[in-house]
Amino acid sequence: MRTQTPEQATRDAIEHLSTLIHGIKVAMMTTVDADGTLHSRPMWTQDHDFDGDLWFFTRAHSHKVEELEEDHHVNISFADPARERYVSVSGRCQLEKDPRRMRDMWSPALEAWFPQGLDDPELALLRVSVQRAEYWDTPTLGTSGPDANASHLTFS
């Protein structure tokens, strides 16, 4: 059996996670509030190839951005019950205002939250650098319990 290099293992983890989350339109982002409590909210996912970072549009001056300025750790949860697929991703998040990337990732569906579109001065991106992912994707999830089927991916 051939041993994988760390780089190949990371590429394989990125490819597998990309397959797991593909097509899931909404994820739940959890941040840490100033008093240490966890705060979750739904976030519209971007339809692009996963390369190790997850991207979400946001308003530059929002409560979640305030939370992220204090603690960059986040958890992103994806669920696709129809395919019996559940994914929990942890990583570090930062705010970015890159007009080119925003233009490349923009879709008309985002106008529901950002009616001014790309001209909105509050428009920004959150970049989540994935560090670890856990997933459950077997049809036997209910028969042997969720913990028995958890698999892990680690990103360098």
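Everything quoted here is computed from the prediction, not taken from an experiment.

## Quick word on unusual backbone geometry
Thinking step 1. The phi dihedral of Glu84 is positive, around 50 degrees, even though this residue is not glycine.
Thinking step 2. In this fold, Glu84 is placed in the loop between strand E4 (73-80) and strand E5 (85-96).

## What to know about helix H2 (residues 63-70)
Thinking step 1. Among the residues of H2, Lys64, Val65, Glu67 and Leu68 are the ones counted as buried. Within H2, the buried residues cover an arc of 155 degrees as seen down the axis, which keeps them to one side. Among the exposed residues of H2, those oriented more than 90 degrees off its buried face are Glu69 and Glu70.
Thinking step 2. Contacts from the buried residues of H2 go to strand E1 (26-32), strand E2 (38-44), strand E3 (53-59), E4, E5 and strand E6 (123-136).

## Focus on the environment of Gly91
Thinking step 1. Considering the arrangement of structural elements, one finds Gly91 in strand E5.
Thinking step 2. Residue class for Gly91 comes out buried when judged on its relative accessible area of 3%.
Thinking step 3. Residues Gly91 and Glu111 lie 20 residues apart in sequence; the distance between their C-alpha atoms is 27 Å.
Thinking step 4. Leaving out residues up to four positions away in the same chain, Gly91 has contacts with His72, His73, Val74, Val128, Ser129, Val130 and Gln131.

## Description of the packing of aromatic side chains
Thinking step 1. This structure, assessed with the given rule, holds four aromatic pairs.
Thinking step 2. Where Phe57 meets Phe114, the ring centres are 6.4 Å apart and the plane angle is 55 degrees; that geometry is what we call tilted. In this pair, Phe57 is assigned in strand E3 and Phe114 in the loop between helix H3 (99-105) and E6, connecting sequence segments 57 residues apart. With respect to burial, Phe57 and Phe114 carry one shared label: buried.
Thinking step 3. Through a chain of ring-to-ring contacts, three or more aromatic side chains come together here, namely Phe57, Trp106 and Phe114.

## Things to note about the environment of Gly36
Thinking step 1. Positionally, Gly36 belongs in the loop between E1 and E2.
Thinking step 2. The exposure class of Gly36 is partly exposed, given its relative accessible area of 48%.
Thinking step 3. A sequence separation of 24 residues divides Gly36 from Ala60, and the C-alpha atoms of the two residues are 22 Å apart.

## Re the nonpolar core
Looking at soluble globular proteins, one finds that nonpolar side chains tend to be buried together.
Thinking step 1. Within the largest apolar cluster, 27 residues are counted, with the highest numbers of intra-cluster contacts made by Leu17, Leu54, Phe56, Ile76, Phe78, Val89 and Phe155.
Thinking step 2. Listing elements by their share of this core, those giving two or more residues are helix H1 (6-21), E1, E3, H2, E4, E5 and E6.
Thinking step 3. If we skip the residues at most four places from it in the chain, Val89 touches Leu17, Leu54, Val74, Asn75, Ile76, Phe78, Val130, Arg132 and Ala133.
Thinking step 4. Listed in part, the nine residues of the second largest apolar core include Trp55, Trp106, Leu110 and Leu125.

## Describing the pairing of E5
Thinking step 1. Where E4 meets E5, eight bridges bridge the pair, whose relative direction is antiparallel. In the strand pairing of E5, Asn75 is matched with Ser90.
Thinking step 2. The hairpin formed by E4 and E5 contains four residues between the paired strands, and Glu84 there has a positive phi angle of roughly 50 degrees.
Thinking step 3. Across 11 bridges, the pairing between E5 and E6 is antiparallel. Paired with Val87 across the strands is Tyr135, a residue of E6.

Definitions and limits used
- Residues numbered from 1 in each chain as written.
- Predicted model: local features only at pLDDT ≥ 70, side-chain atom pairs only at ≥ 80, totals over all residues.
- Heavy atoms only, no water.
- Helix = DSSP H or I, 4+ residues; strand = E, 2+ residues; numbered from the N terminus.
- Buried < 20%, exposed > 50% of the residue type's maximum accessible area, 1.4 Å probe, protein only.
- Arc of directions from axis to C-beta.
- Contact = heavy atoms within 4.5 Å.
- Phe/Tyr/Trp six-rings, centres within 6.5 Å; stacked < 30°, edge-to-face > 60°.
- Core = buried A, V, L, I, M, F, W, Y, C linked by side-chain atoms within 4.5 Å.
- Pairing = 2+ DSSP bridges.

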